[in-house]
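# Structural features, examined
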Number of protein chains: 2
Amino acid sequence: MCELLGMDCNTPTDIVFSFTGFASRGGRTGPHGDGWGLAFYEGPAARVFLDPRPCALSPLATFLRTNSIKTLQAVAHIRRKTRGKIRLADTHPFSRELYGRHWTFAHNGTVKNARSLSLGRFEPIGGTDSERAFCHLLEALRQDFPKQPTDPTALWEALAEVAGRIARLGTFNFLLANGEYLFARCDNRLCHIVRQAPFGRATLKDSELSVDFAAVTTPRDRVAVVATTPLTVDETWTVGEPATLWVFRRGKLLATLPSGEPIARPTPRGHTRGVTAR
Amino acid sequence: MCELLGMDCNTPTDIVFSFTGFASRGGRTGPHGDGWGLAFYEGPAARVFLDPRPCALSPLATFLRTNSIKTLQAVAHIRRKTRGKIRLADTHPFSRELYGRHWTFAHNGTVKNARSLSLGRFEPIGGTDSERAFCHLLEALRQDFPKQPTDPTALWEALAEVAGRIARLGTFNFLLANGEYLFARCDNRLCHIVRQAPFGRATLKDSELSVDFAAVTTPRDRVAVVATTPLTVDETWTVGEPATLWVFRRGKLLATLPSGEPIARPTPRGHTRGVTAR
């Protein structure tokens, strides 16, 4: 299993605080030592940093923690492989162009028999179930909408539908970003928080780091953070309902759509489902 | 005008030496201060580092110079914009997936009236003539070969033909890599060197750095370097003939194909055409 981290904001925001706690899970406080990746958006284009080495030991991760890159949207992933090899081609987030934008995708869970998912315009470069599911998903959107639809909700609904269908093959928690929207599907493990005024203090669970957001924000700032499990110990995170898709834009949760049927499976250890964790 | 740097090897090689001289041209010894990018291949996947800031002043460029990443193939670009803005979406190298591989592309020159180039499966994310030409070029290959052809030379010839056609619209020096082949088209400014045993010493033109390759190589190593102008002062670089396409694989020049008609235009200042520079 892997860990996901997404950020979506209405003002350019540094992801360093969240990434620091998250990065600790990649081989130090967590077992996710099979590579990591971090995509930052600047408009419709993403800059994707990938490293097949453990995040906690990666010089590139240290560089990113110490050289602030502000962004409106970011997607990060640390990997504990269940499928594929430890190599660049199998490292999330994966990225493709659709409708003249970069789409980036990171997955938590395993899609079984992913080879049964048909392909079209998008072909996998590596050997993971995740990238195959991503290629299938983008192709499904493109088939439904050869051009980007003028009504964005039509695309959200199509995405929720195809994601629900893929999820029947296994566990399909994911983050999908395109520089405008951040989509987050909860299968069995995902939570989010929207930080906005009045801002308070937050302390990381995985690192001895605390920040007073009131000191580094303006009253109009709004930042949504999505993660596999809560990153901080003193904030209220909303835990996702199984088989739902969150749609974020500019730090705001726009919609929560049903995405397939919830599948009965054991709740992951140490994770309380369906209640707000404090 | 921009500067190109490509490397193609038969053994994983550190691009730091060449990149150091090259990086100096991005805002220190050269005027190319409008961003830079560097793509490294690991098999069919590329890791692309992009920065819209001047290369010579970029913390990310410093990181790459001080943290060796060995690779069989790399493509770098420093930009002095003639079209588009200074932003991530307009920063080379551009990257797309085709045939289950990343293809990366960096361009030197200007393609006029690039909007006349038709698009299909690949859409530009930014606003440069370069990315549009790249999208057109990949689509032309895909139209000719929906699946990767078993005879690779058929694809080389198709590439040389479409590149020659695009070049009628302006100046089209480029590097195109896919993790297996490095293609380099000379319109009016491109040169290469193949370093192999017996290795000697080389001194950078743009930086006070010299390296004895004999001390860091084995007799079987072979490294091809392609650049807009020679990077070193004490090696023999082969200057490209106008309207030709070089095909490299594992550090070896496999073919030099005609690519369109040479167009009469002034030789750039400080560049001797068609002779071997020493």
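Source: prediction; values computed, not measured.

### Considerations on the overall build of chain A
Along chain A, the regular secondary structure elements total 4 helices and 15 strands. Of all 278 residues assigned to chain A, the portion counted as buried reaches 53%.

### Side note on the relation of the copies chain B and chain A
Expressed as a screw operation, the relation of chain B to chain A combines 0.0 Å of axial shift with a rotation of 180°, fitting to an RMSD of 0.0 Å. What the superposition gives is, in effect, a two-fold axis relating one chain to the other. Taken together, the interface assignments show that 100% of the residues at the interface of chain B recur at the interface of chain A, consistent with an identical surface on both copies.

### Examining the confidence of the model for chain A
Residue and element names in this part refer to chain A. Scored by pLDDT, chain A has a mean of 89; 90% of the residues are at 70 or more. Note on residues 270-278: pLDDT under 50 across the span, and 18 contacts to partners over four residues away in sequence or across chains. Reported confidence for the predicted complex is 0.90 by ipTM and 0.91 by pTM.

### Some points on the sheet that holds strand β8 (residues 182-186) of chain A
All names here are of chain A. Pairing within the open sheet is antiparallel, and its 6 strands lie in the order β5-β6-β7-β8-β14-β15. Where the open sheet ends on each side, the last strands, each with one partner, are β5 (94-98) and β15 (252-258). Put simply, the sheet's adjacent strands are angled 20° from each other on average, direction ignored. Of the strand pairs in this sheet, strand β7 (residues 173-177) and β8 are connected by 4 bridges, and their pairing is antiparallel. Pairing of L176 across the sheet is with F183, part of β8. Together, β5 and β6 (101-108) form the strand contacts of helix α3 (residues 129-144), whose direction differs from that of β5 by roughly 15°. Lying on the sheet, helix α4 (residues 152-167) is in contact with β8, β14 (244-249) and β15; it crosses β15 at an angle near 50°.

### Here's the deal with the interface of chain B and chain A
The interface of chain B with chain A comprises 24 residues on the first partner and 24 residues on the second. Secondary-structure elements contributing two or more residues to the side of chain B that touches chain A are β3 (45-51), α2 (59-66), β5 (94-98) and β6 (101-108) of chain B. A per-element tally of the side of chain B that touches chain A places β3 of chain B first, with 3 residues. Residues that form the side of chain B that touches chain A fall into these classes: 11 nonpolar, 5 polar and 8 charged.

### Examining the sheet that holds strand β14 (residues 244-249) of chain B
Residue and element names in this part refer to chain B. Taken in spatial order, the 6 strands of this open sheet run β5-β6-β7-β8-β14-β15, and their pairing is antiparallel. The sheet terminates laterally at β5 and β15 (252-258), the two strands that pair on one side only. Here the average twist between neighbouring strands, direction ignored, is 20°. For β5 and β6, the ladder comprises 5 bridges, and the chain directions are antiparallel. Considered in β6, the bridge of E97 is made with H102.

### Points about helix α1 (residues 16-24) of chain A
Residues separated by three or four positions in an α-helix point in the same direction, a consequence of the helix having 3.6 residues per turn. Of all 9 residues in α1 of chain A, 7 are buried; the element is thus mostly enclosed. Of all the positions in α1 of chain A, only F17, S18, F19, G21, F22, A23 and S24 of chain A are classed as buried.

### Observations regarding the pairing of β15 of chain B
All names here are of chain B. Summarising the sheet, β14 and β15 pair through 6 bridges and their orientation is antiparallel. Pairing of L245 across the sheet is with L257, part of β15. Hairpin connection of β14 to β15: 2 residues between the antiparallel strands, including R250 at a positive phi of 50°.

### A word on the nonpolar core
Most often, soluble globular proteins keep nonpolar side chains buried together rather than apart. Residues L175 of chain A together with L175 of chain B are the most contacted members of the largest nonpolar core, which totals 156 residues. Residues contacting L175 of chain B, with those up to four places away along its chain left out, are L4, G6, V75, A106, L182, A184 and V226 of chain B.

### Some remarks on the pairing of β14 of chain B
Residue and element names in this part refer to chain B. Among the 6 residues of β14, 5 are classified as buried, and the element is accordingly described as predominantly covered. Here strand β8 (residues 182-186) pairs with β14 via 5 bridges, running antiparallel. Bridged to A184 within β14 is W246.

### Re the environment of R65 of chain A
Residues and elements named next belong to chain A. Examined against the element boundaries, R65 turns out to sit in helix α2 (residues 59-66). Take R65: there are 15 C-beta atoms within 10 Å of it, and that puts it in the partly exposed class. Separated by 66 residues in sequence, R65 and E131 place their C-alpha atoms 27 Å apart. Contact partners of R65, with chain neighbours within four places excluded, come to V16, F19, T20 and A23.

### Structural notes on unusual backbone geometry
Between H92 of chain A and the following residue, P93 of chain A, the backbone shows a cis peptide bond with an omega angle of -5°. Mapped onto the secondary structure, P93 of chain A falls in the loop between β4 (70-78) and β5. The omega angle of the peptide bond from A197 of chain B to P198 of chain B is -5°, so this bond is cis rather than trans. For P198 of chain B, the location among the structural elements is in the loop between β9 (191-196) and β10 (201-203). The backbone of Y99 of chain A sits at a positive phi, close to 55°, despite the residue not being glycine. The topology assignment puts Y99 of chain A in the loop between β5 and β6.

### Brief notes about the environment of P258 of chain A
Residue and element names in this part refer to chain A. Its location among the elements puts P258 in strand β15. Assessed through the 14 C-beta atoms surrounding it within 10 Å, P258 is described here as partly exposed. Sequence separation between P258 and T150 is 108 residues, and the spatial gap between their C-alpha atoms is 22 Å. Those residues in contact with P258 that lie beyond four places of it in its chain are A160, A243 and T244.

### Thoughts on the packing of α3 of chain A against α4 of chain A
Residue and element names in this part refer to chain A. The geometry of α3 relative to α4 is characterised by a closest axis approach of 10 Å and an angle of 140° between their N-to-C directions. Judged by the angle between their axes, α3 and α4 are oblique. The handedness of the crossing between α3 and α4 comes out as right-handed. Contacts from A133, H136, L137, A140, L141 and D144 of α3 reach α4 at L155, A158, L159, V162, A163 and I166. Grouping the amino acids of the contact of α3 with α4 by side-chain chemistry returns 10 nonpolar, 1 polar and 1 charged.

### As for the packing of α1 of chain A against α2 of chain A
Residues and elements named next belong to chain A. Remark: α1 packs on α2, axes separated minimally by 9 Å, with the N-to-C direction vectors making an angle of 150°. Taken together, the axes of α1 and α2 lie roughly antiparallel to each other. With respect to the hand of their crossing, α1 and α2 are arranged in left-handed fashion. Across the interface between the two elements, V16, F19, T20 and A23 of α1 pack against A61, L64 and R65 of α2.

Reading the values: the criteria
Throughout, a residue's number is its position along its own chain's written sequence, starting from 1. Chain labels run from A onward and ligand labels from 1 onward, assigned in the order the entries are written. The predicted origin of the model limits local features to residues at a pLDDT of at least 70 and limits the giving and counting of side-chain atom pairs to 80 or more, whereas totals for whole chains, interfaces and linings rest on all residues. Labels follow the DSSP assignment, with helices taken as runs of H or I lasting at least four residues and strands as runs of E lasting at least two, numbered in each case from the N terminus. Counting other C-beta atoms within 10 Å of each residue's C-beta, where C-beta atoms are placed from the backbone, gives the exposure class: buried for 20 or more, exposed for 12 or fewer, partly exposed between. All copies are superposed by least squares; the fitting set is the C-alpha atoms of residues with a pLDDT of at least 70 in both. Here, residues touch in the contact sense if the C-beta positions derived from the backbone fall within 7 Å of one another. Confidence scores per residue from the predictor, reported as pLDDT, run from 0 to 100. The criterion for strand pairing is that DSSP finds at least two bridges linking the strands in question. Where helices are involved, their axes are fitted lines through C-alpha atoms of the stretch in contact, as for all axes, and angles between N-to-C directions lie from 0 to 180°. The nonpolar class holds Ala, Val, Leu, Ile, Met, Phe, Trp, Tyr, Cys and Pro. Asp, Glu, Lys and Arg form the charged class, and all remaining residues, Gly among them, are polar. Nonpolar cores are built from buried Ala, Val, Leu, Ile, Met, Phe, Trp, Tyr and Cys residues. These are joined into a set through C-beta atoms within 7 Å. Working definition: roughly parallel below 35 degrees, roughly antiparallel above 145 degrees, roughly perpendicular at 65 to 115 degrees, and oblique for all remaining angles. Left-handed is the label given to a crossing in which the near helix is rotated counterclockwise from the far helix by less than a right angle, and right-handed is the label when the rotation is clockwise.

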